[in-house]
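Take a look at the letters that make up each chain.
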Amino acid sequence: MIYLMLKTNLVLLLLLGGSFSLLAQQTLNESIWHDGSERTYIIYVPESYSPSEPAPLVFNLHGYTGNGQQQMGYGDFRPIADTAGFLLVHPTGLRDGSGLTHWNADWGTGVNDINFFDVLIDSLATNYNVDERRIYSTGMSNGGYMSYTLICRLSDRIAAAASVTGSMTIWQITNASGCTPDRPKPVMQIHGTADNVVPYSGNTWSAGIENVLQYWINHNHCDLMPDISSVPNSSTNDASTVQHLVNANGDNGVEVEFYKVFNGGHTWPGSSVISGVTNQDFDASEKIWQFFSRYDIDGRVSDSGATSIDAAALAFSVSPNPFQDIIRIRHQAQLRGDILVFNLMGEKLGQQASDGSGVTELSLEHLPVGIYGLFLSQPDQGIVFVGKLVKQSHD
């Protein structure tokens, strides 16, 4: 009976244009005019996007001197977007007085980037079915500073922020007008203790990372003592280790999370681009999306308010997708159950038990080229849809 229902639901998903959208994934170079300047951005639209369903939106912001194209590859969210179905936007900042691209994260350069993002959200919502309750910002270095600035100053639009090697200015956390969120805000910080560009302990204008975290812990009324755990040192050759700290129980269920990379440099953990000490024990992009997906603009999404697709997508990321032979599934380590693959007729074509390690590999080399559904079977939840898989040829 359960497989008959699954077959029926899969066919309905296809017929109704749901998560099995037949639109091809697209990487589009776009622009809008703002304050007399052409502002450019790259939007990645996954195949799983359907115009009939509101999709979360993630801004992925480059560092100082960078651009959207570089950030799209360096801190790569595209394989995760393919599975989770969110829109992914990589803007490029304007040039400062030195001719270098930047974000004016209250840095006094005269560029109104806060209003630019406000206008850009409106433009994106006109052209795509954006879930305006689930808009997030993350970024590297200067992009991390800007992500904090957005939840400080656009707190009615940005649901959560994550900073990788970025910080906040001392002015923002000490001045009453420096950061003015109108509600609790979940934040994640990822930072290396040996970062020589944005120092862990701060400097004359940039706040120390622990001071930034304390600002948000206090603002959100989180537990003062964090839950602390060690990330397994699965990559012993990266010259670094990681501690995970979570200050929970904030207002509206929000949390403050911190991945402290001991001896880590000014780098994006898990990136395929290695520069200096780049930790490989975890993938920053995957952790950021898992964090974002727990929240909307009003805080933590209750279990009763989340759909089965949301609950499953929160826990999973799949790469590569499209795939050829083998998929690698990263998921919350506590998840136990069977990972299942079905074709569009509801026939089960692959199955692998999750052992709770957090990573499961599934060989699908026997499948023909086509579109498949990825599901999770758990004793207490039955079978829930996670996302779409696309098998491509070796040509």
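Scroll up for the structure.
A short tour of the structure in this document, coming up. Everything numeric in this text was worked out from a predicted model, so none of it was measured.

1. Let's talk about the overall build of the protein
In terms of regular secondary structure, the protein is built from nine helices and 19 strands. Of all 395 residues assigned to the protein, the portion counted as buried reaches 55%. Partitioning the intrachain contacts of the protein with sequence separation of at least 6 by distance along the chain shows that 67% fall at a separation of at least 24. Of the roughly 16,200 Å² of accessible surface on the protein, a fraction of 50% belongs to carbon and sulfur atoms.

2. Some points on the side chain of Asn142
Tracing the backbone shows Asn142 in helix H5 (residues 142-153). Of note is the side chain of Asn142, whose polar atom sits 2.8 Å from the backbone nitrogen of Trp103. For Asn142, the residues in contact, after removing those within four places along its chain, are His62, Gly63, Tyr64, His102, Trp103, Ala105 and Trp107.

3. Brief notes about the nonpolar core
Formed by 47 residues in total, the largest nonpolar core has its most connected members in Phe59, Phe117, Leu124 and Trp216. Among the secondary structure elements, those contributing two or more residues to this core are strand E2 (37-45), strand E3 (55-61), strand E4 (87-91), helix H4 (113-127), strand E5 (130-140), H5, helix H7 (209-220) and strand E10 (256-262). Beyond its immediate sequence surroundings of up to four residues, Phe59 is in contact with Val89, Pro91, Phe117, Leu120, Ile121, Leu124, Ile135, Tyr136, Ser137 and Thr138.

4. Let's talk about the environment of Glu30
Positionally, Glu30 belongs in strand E1 (residues 26-34). Ignoring any residue separated from it by four or fewer positions in sequence, one finds Glu30 in contact with Arg39, Thr40, Tyr41 and Ile43.

5. Side note on H5
A rise of 1.5 Å per residue sets the reference length of H5, with its 12 residues, at 16 Å; its end C-alpha atoms lie 16 Å apart and thus fit the reference within 8%. Taken across its 12 residues, H5 has 11 buried, putting it largely inside the fold. Taken together, the buried positions of H5 are Asn142, Gly143, Gly144, Tyr145, Met146, Ser147, Tyr148, Thr149, Leu150, Ile151 and Cys152.

6. Concerning the environment of Lys348
As for its position among the elements, Lys348 is in strand E16 (residues 348-354). For the pair Lys348 and Tyr372, spaced 24 residues apart in sequence, the C-alpha separation works out to 9.8 Å. One polar contact links Lys348 to Gln351, side chain to side chain, over a distance of 2.5 Å.

Cut-offs used in this document
Residues numbered from 1 in each chain as written. Predicted model: local features only at pLDDT ≥ 70, side-chain atom pairs only at ≥ 80, totals over all residues. Heavy atoms only, no water. Helix = DSSP H or I, 4+ residues; strand = E, 2+ residues; numbered from the N terminus. Buried < 20%, exposed > 50% of the residue type's maximum accessible area, 1.4 Å probe, protein only. Contact = heavy atoms within 4.5 Å. Areas by Shrake-Rupley, 256 points an atom, 1.4 Å probe, with all protein chains shown as cover. Polar contact = N/O pair within 3.5 Å; in protein donor to acceptor, adjacent residues only side chain to side chain. Core = buried A, V, L, I, M, F, W, Y, C linked by side-chain atoms within 4.5 Å. Expected span 1.5 Å × (residues − 1).

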